[in-house]
Amino acid sequence: MAKIDRAMYFINKNDTQSGSNIKDVSRQFFLYWKLCNLYRLNTREMNAENIFNGFTQLLDYTERNSAKDLYVNNEVDVQSNVEIEFETYDLNVSANSVAIDNLNEVAFNDDEFEVDEEIFHDDIAESARDFDWYVESSDNSIDWTSIESDLVEPLDDITLVYMYDESQDIHSSDVELFVKNQMDTIHSNNDGMTDDAYMSFMFGELKAQLQRRNASPAVDANTGELIN
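Keep in mind it's a predicted model, so treat the numbers as computed, not measured.

About the thresholds
Residues numbered from 1 in each chain as written. Predicted model: local features only at pLDDT ≥ 70, side-chain atom pairs only at ≥ 80, totals over all residues. Heavy atoms only, no water. Phe/Tyr/Trp six-rings, centres within 6.5 Å; stacked < 30°, edge-to-face > 60°. Helix = DSSP H or I, 4+ residues; strand = E, 2+ residues; numbered from the N terminus. Buried < 20%, exposed > 50% of the residue type's maximum accessible area, 1.4 Å probe, protein only. Core = buried A, V, L, I, M, F, W, Y, C linked by side-chain atoms within 4.5 Å. Contact = heavy atoms within 4.5 Å. Arc of directions from axis to C-beta. Axes fitted to C-alpha atoms, helices over the stretch in contact; angles between N-to-C directions. Parallel < 35°, antiparallel > 145°, perpendicular 65-115°, else oblique. Left-handed = near helix turned anticlockwise from the far one by under 90°. Salt bridge = Lys/Arg side-chain N within 4 Å of Asp/Glu carboxyl O. Polar contact = N/O pair within 3.5 Å; in protein donor to acceptor, adjacent residues only side chain to side chain.

*Asks:* Account for the packing of aromatic side chains, naming residues and giving values.
*Replies:* All told, the structure shown has 11 aromatic pairs when counted by the stated rule. With centroids separated by 6.0 Å and ring planes inclined at 80°, the aromatic side chains of Y32 and F55 adopt a geometry described as edge-to-face. With Y32 in helix α2 (residues 21-38) and F55 in helix α3 (residues 48-57), this residue pair connects regions lying 23 residues apart in the sequence. Looking at Y32, the relative accessible area reads 6%, which means it is buried.

Now the structure itself:
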């Protein structure tokens, strides 16, 4: 399954749908590719097939909803080591799909984050049902492994990495606005692009990747070493 990152999701979210899946995917593919040019990525090393498959997966409502939960609502699973009283007692408890407003900042800057301890109430009550209790202290952590395999953790997301390196705000709302503004600029710089041109670009990159993959490795005639 392809990876769907934040740029893919926000491009899909803010792109005007034409009613033709292949036209929409090819236009969004083009926008994403040009956005990666801004990030100064080596496009020869980009996975055109993954990009195509990512936008194709976003045609599905379930995929879009899963991406929204993480990229817009900042929902992740949270674990907590809780010390409870009346008797001193440590518990490890967890909660699913907790909204962490500053999730990206937590990932990049190790910022503090707050959760309502009430979300752990049922787990604590189940474990401590034999005596009266209250939460003395808690140590909360984000379970990054809970992120679905086709979505991207903040630290691995190319848009967040670029924005962070450029000292831009990386809250989810800032990311969406950034991507939308870049989309507008790309559209403006490529005014007059037709649906056929978008499709030609996309299939050209897919074909080029396939050719590179199937090409025989080049060998230096003098040393016998592979040439990158």
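After presenting the structure, the write-up continues.
*Asks:* Tell me about unusual backbone geometry, residues and numbers included.
*Replies:* One non-glycine residue, R40, lies in the positive phi region at around 60°. Relative to the helices and strands, R40 resides in the loop between α2 and α3. R40 gets classed as exposed once you look at its relative accessible area, which sits at 61%. Located in the positive-phi region is S167, a residue other than glycine, with phi close to 60°. For S167, the position within the fold is in the loop between α7 (158-165) and α8 (172-189). S167 gets classed as exposed once you look at its relative accessible area, which sits at 70%.

*Asks:* Can you explain the nonpolar core? Please cite residues and give values.
*Replies:* Within the largest apolar cluster, 57 residues are counted, with the highest numbers of intra-cluster contacts made by I11, Y32, I51, F55, Y71 and I100. Considering each element in turn, this core owes the most residues, 8 residues, to α2. Among residues more than four places away in sequence, those in contact with Y71 are I4, D5, R6, Y9, F10, L151, V152 and S172.

*Asks:* How would you explain α7 if you had to name every residue and give the values?
*Replies:* Every buried residue of α7 is accounted for by T159, L160, Y162 and M163. For α7, the angular spread of the buried residues around the axis is 160°, confining them to a single face. For α7, the secondary structure elements touched by its buried residues are α1 (6-14), α2, α5 (103-109) and α8. Trailing α7 by a residue or two, S167 shows a phi angle of about 60°, which is positive.

*Asks:* Pulling in residues and values, what's your account of the packing of α1 against α8?
*Replies:* For the pair α1 and α8, the least separation of the axes is 9 Å and the interaxial angle reads 65°. Between α1 and α8, the interaxial angle falls into the category roughly perpendicular. Note on packing geometry: the crossing formed by α1 with α8 is right-handed. Of α8, the residues touching α1 (which contributes R6, A7, F10, I11, K13 and N14) are S172, V175, E176, V179, K180 and M183.

*Asks:* Explain the pattern of salt bridges to me, using residue names and the numbers behind them.
*Replies:* According to the stated counting rule, one finds 8 salt bridges in the structure shown. With a closest N to O distance of 3.4 Å, E166 and R40 form a salt bridge. Residue E166 is found in the loop between α7 and α8, and its partner R40 is found in the loop between α2 and α3; the two are separated by 126 residues along the sequence. In this structure, D184 and K180 form a salt bridge, with 3.7 Å as the shortest nitrogen-oxygen distance. Separated by 4 residues within a single helix, D184 and K180 lie in helix α8, roughly one turn from each other.

*Asks:* If you had to explain the side chain of N104 to someone new, which residues and values would you point to?
*Replies:* In this structure, N104 sits in helix α5. Of the residues examined, N104 reaches a relative accessible area of 3% and is grouped as buried. Not counting residues within four places of it along the chain, the set of residues in contact with N104 comprises R6, P154, L160, I170, H171, S172 and V175.

*Asks:* A description of helix α4 (residues 61-71) should follow, citing residues and the corresponding values.
*Replies:* Among the residues making up α4, those that are buried are E63, S66, A67, L70 and Y71. Angularly, the buried residues of α4 cover 115° about the axis, an arc narrow enough to put them on a single face. Exposed side of α4, more than 90 degrees from the buried face: Y61 and T62 are the residues found there. By the N-cap criterion, in which a side-chain oxygen at the helix start approaches the backbone nitrogen of a residue two or three places on, α4 is capped by D60, the distance to T62 being 3.0 Å.

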